[in-house]
Amino acid sequence: MEHNLEHTISLLTRTPAALNALLRDLPEAWTFGNEGEKTWSAFDVVGHLIYAERHNWMPRARMVLQSGETRAFESFDRWGHVRESQGKSLAQLLDEFARVRSESLAELRALNLRAEDFQRRGRHPALGAVTLSELLATWAAHDLNHLHQISRIMAHQYRQAVGPWSKFLGVMQCAGHSSP
């Protein structure tokens, strides 16, 4: 499937509600458990999504449109969410994510992008030239990646409890990419 802005927006719009339905009011054993040392919990993933919302997607989209390849994107701190999430509850993070995502999507819609805008290029510090279309498609895939990650982290909490059924549960076999 090629990138389609309306399809991207339809997915990005649903992520906060999906996370809210899955995580709100769960016991902390589900939301603060992780997969081991230097891995994230569901709480960390929500914090990361908020951080990315503020420092990645729309700032980079604006940079592509304003500066093209003349200026590289700022490096993204994959652990920046840790300090910004300190002292907050998961409920606060879920509410904050819904708010910042709504703001980002309103800004994205307000850009009134034209077909030719999607081929405009920016410069990623590690990947080199990237198009606006690739950036926006990655935003949607990034959400899906982290929804998958949260499911895997949570399933990991029952890794021993499921006993022999583990071999039938693909989520238990997935090594994933919990640590950035």
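Everything discussed here concerns the structure shown above.
Because the structure is a prediction, the values reported are computed rather than measured.

Rules used in this analysis
Residues numbered from 1 in each chain as written. Predicted model: local features only at pLDDT ≥ 70, side-chain atom pairs only at ≥ 80, totals over all residues. Heavy atoms only, no water. Helix = DSSP H or I, 4+ residues; strand = E, 2+ residues; numbered from the N terminus. Buried < 20%, exposed > 50% of the residue type's maximum accessible area, 1.4 Å probe, protein only. Polar contact = N/O pair within 3.5 Å; in protein donor to acceptor, adjacent residues only side chain to side chain. Contact = heavy atoms within 4.5 Å. Patch = residues over 30% accessible without salt bridge, like charges linked within 9 Å, V, L, I, M, F, W, Y side chains within 5 Å. Areas by Shrake-Rupley, 256 points an atom, 1.4 Å probe, with all protein chains shown as cover. Salt bridge = Lys/Arg side-chain N within 4 Å of Asp/Glu carboxyl O. Expected span 1.5 Å × (residues − 1). Bend = angle between axes of the 7 residues up to and from the residue. Core = buried A, V, L, I, M, F, W, Y, C linked by side-chain atoms within 4.5 Å.

## Digging into the side chain of H124
Moving on, step 1. Position of H124 relative to the elements: it lies in strand β1 (residues 121-124).
Moving on, step 2. On the basis of relative accessibility, which here comes to 18%, the residue H124 falls in the buried class.
Moving on, step 3. Side-chain polar atoms of H124 contact the backbone nitrogen of A126, separated by 2.9 Å.
Moving on, step 4. The residues contacting H124, other than those within four sequence positions of it, are R60, F73 and V130.

## As for a nonpolar patch on the surface
Moving on, step 1. Residues W165, F168 and L169 make up a contiguous nonpolar surface patch of roughly 380 Å² in combined accessible area.
Moving on, step 2. Assignment of secondary structure puts W165 in the loop between α7 (132-156) and α8 (170-173).

## Quick word on helix α1 (residues 5-23)
Moving on, step 1. The first and last C-alpha atoms of α1 sit 28 Å apart over 19 residues, in line with the 27 Å expected at 1.5 Å per residue.
Moving on, step 2. Along α1, the sharpest kink reaches roughly 30 degrees, centred on T15 and followed within four residues by the proline P16.
Moving on, step 3. Restricting attention to buried positions, one finds in α1 the residues L5, T8, I9, L12, T15, P16, L19 and L23.
Moving on, step 4. Lining the buried residues of α1 we find α2 (28-31), α3 (42-55), α6 (90-110) and α7.
Moving on, step 5. Structurally, the start of α1 carries an N-cap: the backbone nitrogen of E6 is 2.9 Å from a side-chain oxygen of N4.
Moving on, step 6. Just downstream of α1 lies D25, where phi reads positive at about 70 degrees.

## Description of the pattern of salt bridges
Moving on, step 1. The full count for this structure, using the stated rule, is 12 salt bridges.
Moving on, step 2. For E96, the salt bridge goes to K88, with nearest N and O atoms at 3.0 Å.
Moving on, step 3. For R120, the salt bridge is made with D117, and the minimal N-O distance between the two is 3.8 Å.
Moving on, step 4. Since its relative accessible area comes to 33%, R120 is described here as partly exposed.
Moving on, step 5. The class of D117 is buried, set by a relative accessible area of 5%.
Moving on, step 6. By sharing partners, the salt bridges in this structure join R54, E84, K88 and E96 into a single network.

## Let's talk about the nonpolar core
Moving on, step 1. Ranked by size, the top nonpolar core spans 21 residues in total, and within it L5, L105, L108, L113, L132, L136 and W139 carry the most contacts.
Moving on, step 2. Counting residues in each nonpolar core, the second largest holds 17 residues, with A42, F43, I150 and M154 among its members.

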